[in-house]
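The chain contents come next:
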Amino acid sequence: MIERCQGNIRPKSGPRARTAVVLAAAGLLAVTTAAFLPGTASAGTTLGASAAERGRYFGTAVAANKLSDNTYATILNREFNSVTPENEMKIDATEPQQGQFSYGAADQIVNHARSRGMQVRGHTLAWHSQQPGWMQNMSGSALRQAMLNHVTQVATHFRGQVVAWDVVNEAFADGSSGARRDSNLQRTGNDWIEAAFRAARAADPGAKLCYNDYNTDDWTHAKTQAVYNLVRDFKQRGVPIDCVGLQSHFNSGSPYPGNYRTTLSNFAALGVDVQITELDIEGAPAATYRNVVQDCLAVSRCTGITVWGIRDTDSWRASQNPLLFTGSGAKKPAYDAVLAALNGGSTPPTTGPPTPPPGGGCTATLRDATRWSDRFNSEVTVSGASNWTVVVAVTPPQKISSTWNGTPSWDTSGNVMTMRSNGSGNVFGFTTMANGTWTRPQVRSCTAS
Ligand code: 9MR
């Protein structure tokens, strides 16, 4: 697999900013040195700089026609170190007529970003939506060929400029089926996704190649499992894939799930980077934004977060006020919570109570322990309660074969274990027989009693 730095991330001005040291030697030589102040306690003061200090990027979707808006551009240039063109790299924008490519608006964003040291995420090469009319009317091998040509041409045009591509977007159906979404691309054959990834790799071997989707945040959802199985299959068969994008559009119908961190870490455990690619949260609750950032920071292969727009008025869901800046460009409480979380502080959000941990009353954190050829141990640390009940689930055909430091009981499937404290402390453990499946067990809830 091609490893590539998440690129071009450099801290901007702020308390840890570069210090210009001008040395004059013999009255002739002047050297300007950029240095970080060692041991400076103060943290970064912008999203991008603070994310960079944690080895990550913080990005936003950008619309080319807003770059001339002074408020918009000022916030963009100050706060972010990654951009994703919101619509300008989509198929209808880049190949409006078959074989006639149009890159003006996308190039404008790429140039704006790269000239200021920001990286670019490419979005998106193959998608059932926002297809130009000519493509909507195609099918079969002609469509497959046209899709592959599109991937090749566009990825070639931006070669070396795009750090990561959403090669394929939203290819799975919603609901409980776990099936592929029906589309003209899907009807060209089930292998259309891997064909697109292979074409992208050939065209730009240096770009990270991502699969990107929404409603793939809750680990228990069929769609999440379906994407997980696709990525696992690709890794096993050597189909080029480097990252998974979780769009993470959260709202009352599709809320931030308590097992989000589990989802991030389970994808990462497949050997891919995980990126939060289109984050917005209805009402922008500071506590939820903070949780998302902390979840990403807790997973080393969660390499960055992109919010889907700058000001609430820039959002595709403007009426939900889901972003970090008001329509007039002021920082919202969610902004403060994100910045504090990036800076590693536990500063509570400035409005609203913190979201209680899932299950209420305590927090249970699972870590991988010893692994053998046929089984593995997990350890769960409980905080916030001394009498607790933790529910853990394993993925069939896995089976829990032994436990310690708690009193277990089981549901009828045998896959869900309820562990109660038995006076042995706040860490319990268990052994899982893998039976060929190495998915990490999930903590479903932690309840104080
Ligand atoms: O934010 C984008 C909006 O301006 C477009 O009208 C819309 C058209 O499909 O696409 C929006 O972005 C979508 C992204 O490309 C893919 N995931 C869902 C996003 C929100 O709809």
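Just so it is clear, the structure is predicted and the values come from calculations on it, not from any experiment.

### Description of the overall build of the chain
Within the chain one finds 11 helices and 19 strands. Residues counted as buried form 53% of the 449 residues belonging to the chain. Within the chain, contacts between residues at least 6 apart in sequence are counted, and of these 74% link residues at least 24 apart. Total accessible area on the chain stands at roughly 17,900 Å², and carbon and sulfur atoms take up 51% of it.

### Re the sheet that holds strand 14 (residues 388–393)
Pairing is antiparallel in the open sheet, where four strands are placed in the order 16-17-14-19. Of all strands in the sheet, those with a lone pairing partner are strand 16 (407–410) and strand 19 (442–448), marking the two edges. When the angles between neighbouring strand axes are averaged without regard to direction, this sheet yields 20°. In this structure, strand 14 lies alongside strand 19, joined through six bridges in antiparallel fashion. Looking across to strand 19, one finds that W388 is bridged to A448.

### Quick word on the nonpolar core
Core analysis: the biggest nonpolar cluster contains 95 residues, and F58, W165, V168, F197, Y289 and L324 have the highest contact counts within it. Considering every element that reaches this core, the biggest residue donor is helix 7 (residues 192–203), with eight residues. Ignoring anything within four residues of it in the chain, the contact list for F197 reads V167, V168, L209, C210, Y211, F234, V239, P240 and I241. Counting 17 residues, the second-largest nonpolar core is a separate cluster that includes C362, A364, L366 and W388.

### Some points on the pairing of strand 10 (residues 273–281)
Remember that side chains alternate between the two faces of the sheet whenever the strand is regular. The buried count for strand 10 comes to nine of nine residues, which makes it a mostly enclosed element. With four bridges connecting them, strand 8 (residues 243–246) and strand 10 associate as parallel partners. Note that in strand 10 the partner of V244 across the bridge is V274. As paired elements, strand 9 (residues 249–250) and strand 10 share two bridges and run parallel to each other. Within the sheet, the bridge partner assigned to F250 lies in strand 10 and is I281. After leaving strand 9, the chain enters helix 9 (residues 260–268) and then returns to the sheet as strand 10, a path that is right-handed. Two elements, strand 10 and strand 11 (residues 302–307), share four bridges in a ladder whose sense is parallel. Bridge assignment links V274 to a residue of strand 11, and that residue is C302. On the question of chirality, the crossover connecting strand 10 to the parallel strand 11 by way of helix 10 (residues 286–298) is right-handed.

### Section: the site of the ligand
Among the 13 residues in the neighbourhood of the ligand, the closest are listed as E86, K90, H123, Q130 and E278. Q130 is positioned such that a nitrogen or oxygen atom in its side chain is 2.8 Å from an oxygen atom of the ligand. Residue Q247 places a side-chain N or O atom 3.0 Å away from a nitrogen atom belonging to the ligand. For the ligand, the accessible surface in isolation is 450 Å², of which the surrounding protein chains cover 75%. Its residues placed into classes, the shell around the ligand shows three nonpolar, six polar and four charged.

### Digging into the sheet that holds strand 13 (residues 375–383)
Judged by pairing direction, the sheet is antiparallel, and its four strands sit side by side in the order 12-13-18-15 without closing on themselves. Each edge of the open sheet carries a strand with a single partner, namely strand 12 (363–371) and strand 15 (399–404). If you compare each strand with its neighbour and ignore which way they point, the axes differ by 25° on average. Strand direction decides the pairing type here: strand 12 and strand 13, joined by seven bridges, are antiparallel. Within the sheet, the bridge partner assigned to D368 lies in strand 13 and is S378.

### Observations concerning the packing of helix 7 against helix 8 (residues 222–237)
Put simply, helix 7 and helix 8 touch, their axes get as near as 12 Å, and they point 55° apart. In terms of axis orientation, helix 7 runs oblique to helix 8. For the pair helix 7 and helix 8, the crossing hand works out as right-handed. Counted together, I193, E194 and F197 of helix 7 and L230, F234 and R237 of helix 8 form the full contact between these two elements.

### Description of the state of the cysteines
Inspection of the entire model under this criterion finds three disulfides. Across a sulfur-sulfur distance of 2.1 Å, C210 and C243 are joined as a disulfide pair. Torsion about the S-S bond of the C210 and C243 cystine: about -85°, corresponding to left-handed handedness. With C210 in strand 7 (residues 208–213) and C243 in strand 8, the pair connects residues that are 33 residues apart, well separated along the chain. We note that C210, like C243, is buried.

### What about the layout of surface pockets?
Of the pockets and cavities examined, the second largest pocket occupies roughly 370 Å³. Along the wall of the second largest pocket there are 18 residues; nearest its centre are A269, R371, W438, T439 and R440. At the level of elements, helix 8, strand 12 and strand 13 are the ones that each hand at least two residues to the lining of the second largest pocket. For the lining of the second largest pocket, the residue count by class is six nonpolar, seven polar and five charged.

About the criteria used
Residues numbered from 1 in each chain as written. Predicted model: local features only at pLDDT ≥ 70, side-chain atom pairs only at ≥ 80, totals over all residues. Heavy atoms only, no water. Helix = DSSP H or I, 4+ residues; strand = E, 2+ residues; numbered from the N terminus. Buried < 20%, exposed > 50% of the residue type's maximum accessible area, 1.4 Å probe, protein only. Contact = heavy atoms within 4.5 Å. Areas by Shrake-Rupley, 256 points an atom, 1.4 Å probe, with all protein chains shown as cover. Pairing = 2+ DSSP bridges. Axes fitted to C-alpha atoms, helices over the stretch in contact; angles between N-to-C directions. Core = buried A, V, L, I, M, F, W, Y, C linked by side-chain atoms within 4.5 Å. Right-handed = clockwise from strand over helix to strand, strands pointing away. Near = heavy atom within 4 Å. Polar contact = N/O pair within 3.5 Å; in protein donor to acceptor, adjacent residues only side chain to side chain. Nonpolar A, V, L, I, M, F, W, Y, C, P; charged D, E, K, R; others polar. Parallel < 35°, antiparallel > 145°, perpendicular 65-115°, else oblique. Left-handed = near helix turned anticlockwise from the far one by under 90°. Disulfide = S-S within 2.5 Å. 1 Å grid on protein atoms, 1.4 Å probe; cavity = no way out; pocket = protein on both sides within 12 Å on 5 of 7 lines; lining within 4 Å. Points joined across faces, edges and corners; volume = space filled by probe spheres on them.

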